[in-house]
Amino acid sequence: MAASAIMAAASVPTSAQEAKHYRFAYDQPKTTGYGILGDIFADKLKELSKGTMLIDQYPGAQLGQEPQVLQLVKSGDVEFCISSSANAATLSPQAGVMSMHFLFRSEAHLVKAIADPELSKAVKAMISETVQGARVIALSTLGLRSIYSKREIKSVADMKGLKVRVQATPTEDTTFPAYGAQIVHMPFGSVYTSLQTGVVDAAENGVNVYLANKHYEVAPVLSMTEHEANNSFVWVSDKTWNSLTPEQQGWVQAAADEVNKSQPAKAIELEHQSQDKLRAIGVKIVTDVDKSGFIAVADPLLDKLAKELGPHAEKIKNLIRAIK
């Protein structure tokens, strides 16, 4: 039903006078950095197209979890979506480079890197060469990921034997066991119940994602390991892209460039506001995590994993590390 409705909408001819609506799907609530992204993109596209190209946002996995929505975008059944770089790795394994541990040295480094046009160009080239049916038009971030549980994680020693829900990527599957943890894969939508029932001892994500999805109710201790970045890509279906005039393509890319430039700093600001809210409701936030043990394990894996992933991954890793 949804797919046929989209296809029907896609077949309507566009004139200068009439507005066309496009679906923009993502799996986080509108109150997260994904909502910030969606608003920046929608507002800029509306402005540039003089109201002829309108974005309808579908947050909270209304059209499916990220791996499913990526397939819908590839097939042309959904026009735009956001996916984490980790889920992008299900289509293009080299995208896993964006979630390598301690590749980003700080929030400031992360903001500067994601907004860097050269990094954006390198990621787009990687997707262009490795994925059919969809293209990446912007990078964004939700900040740095940390670990949450019912207990404190103050050093790498506290990871030993811990069952941690991780994203299903070679990066996570290599790095978390190296810390001594047991990894568990599951869709994001299953994390709350799994923490509640003890299927997993811990999960990891950005501060705002932890807040917005109320994971603090079942894992009330947030340990600021800041071990990797919560990066994401904005995708457009090739079917949609090819249906646009060169002028419309220019508007879409300009709106995406605005995302690339301004979303990272706004997302980090939201992370800080979210920490304040969590403290106010009594969540324990452990800020004095000794990261040195984590870094000692992760650092040698950076070069090894990037090389195993491929030449695009190596180039992206080198670009990120070179940003001061």
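Just so it is clear, the structure is predicted and the values come from calculations on it, not from any experiment.

## Observations regarding the overall build of the protein chain
Phase 1: Secondary structure assignment for the protein chain yields 13 helices and 9 strands.
Phase 2: Computed over the C-alpha atoms, the radius of gyration of the protein chain is 19 Å, within 12% of the 20 Å expected from 2.2 N^0.38 for a compact globule of 324 residues.
Phase 3: Buried positions account for 54% of the 324 residues belonging to the protein chain.
Phase 4: In the protein chain, the share of contacts with a sequence separation of at least 24, taken over all contacts with a separation of at least 6, comes to 76%.
Phase 5: Put simply, the protein chain shows about 13000 Å² of open surface, and 54% of that area lies on carbon and sulfur atoms.
Phase 6: Averaged over its 33 positive side-chain charges, the protein chain has a centre that lies 1 Å from the centre of its 35 negative ones.

## Re the nonpolar core
Phase 1: Judged by nonpolar contacts, the single largest core of 45 residues is most densely connected at Phe-24, Phe-41, Phe-80, Val-252 and Leu-278.
Phase 2: Apart from the residues within four sequence positions on either side, Val-252 is in contact with Phe-41, Leu-45, Met-53, Phe-80, Ile-137, Trp-241 and Leu-244.
Phase 3: Residues Ile-114, Met-126, Leu-305 and Ala-306 belong to the second largest nonpolar core, which totals 43 residues.

## Topic: helix H6 (residues 117–130)
Phase 1: Helix length check: H6 (14 residues) gives 20 Å between terminal C-alpha atoms against 20 Å at 1.5 Å per residue, within 8%.
Phase 2: For H6, the complete set of buried residues consists of Leu-119, Ser-120, Ala-122, Val-123, Met-126 and Ile-127. Down the axis, H6 shows its buried residues gathered within 165° of arc, on one side only. Residues of H6 that are exposed and point over 90 degrees away from its buried face: Pro-117, Lys-121, Ser-128 and Glu-129.
Phase 3: Looking at the buried positions of H6, the neighbouring elements they touch are helix H5 (107–114), strand S4 (134–149), strand S8 (221–237), helix H11 (246–280) and helix H13 (311–322).

## Notes on the pattern of salt bridges
Phase 1: Under the criterion given, the structure shown has 12 salt bridges.
Phase 2: The shortest N-O distance in the salt bridge between Lys-291 and Glu-226 comes to 2.6 Å. Residue Lys-291 is found in the loop between strand S9 (284–286) and helix H12 (292–309), and its partner Glu-226 is found in strand S8; the two are separated by 65 residues along the sequence.
Phase 3: Since its relative accessible area comes to 26%, Lys-291 is described here as partly exposed.
Phase 4: Asp-303 is the salt-bridge partner of Lys-317, the closest N and O atoms lying 2.7 Å from each other. Residue Lys-317 is located in helix H13, and its partner Asp-303 is located in helix H12; the two are separated by 14 residues in the primary sequence.
Phase 5: Classification of Lys-317 as buried rests on a relative accessible area of 4%.
Phase 6: Look at the salt bridges and you will find they share partners, linking Asp-299, Asp-303, Lys-317 and Arg-321 into a network.

Criteria and thresholds
- Residues numbered from 1 in each chain as written.
- Predicted model: local features only at pLDDT ≥ 70, side-chain atom pairs only at ≥ 80, totals over all residues.
- Heavy atoms only, no water.
- Helix = DSSP H or I, 4+ residues; strand = E, 2+ residues; numbered from the N terminus.
- Rg over C-alpha atoms; globule rule 2.2 N^0.38 Å.
- Buried < 20%, exposed > 50% of the residue type's maximum accessible area, 1.4 Å probe, protein only.
- Contact = heavy atoms within 4.5 Å.
- Areas by Shrake-Rupley, 256 points an atom, 1.4 Å probe, with all protein chains shown as cover.
- Lys, Arg positive; Asp, Glu negative; His and termini not counted.
- Charge placed at Lys NZ, Arg CZ, Asp CG, Glu CD.
- Core = buried A, V, L, I, M, F, W, Y, C linked by side-chain atoms within 4.5 Å.
- Expected span 1.5 Å × (residues − 1).
- Arc of directions from axis to C-beta.
- Salt bridge = Lys/Arg side-chain N within 4 Å of Asp/Glu carboxyl O.

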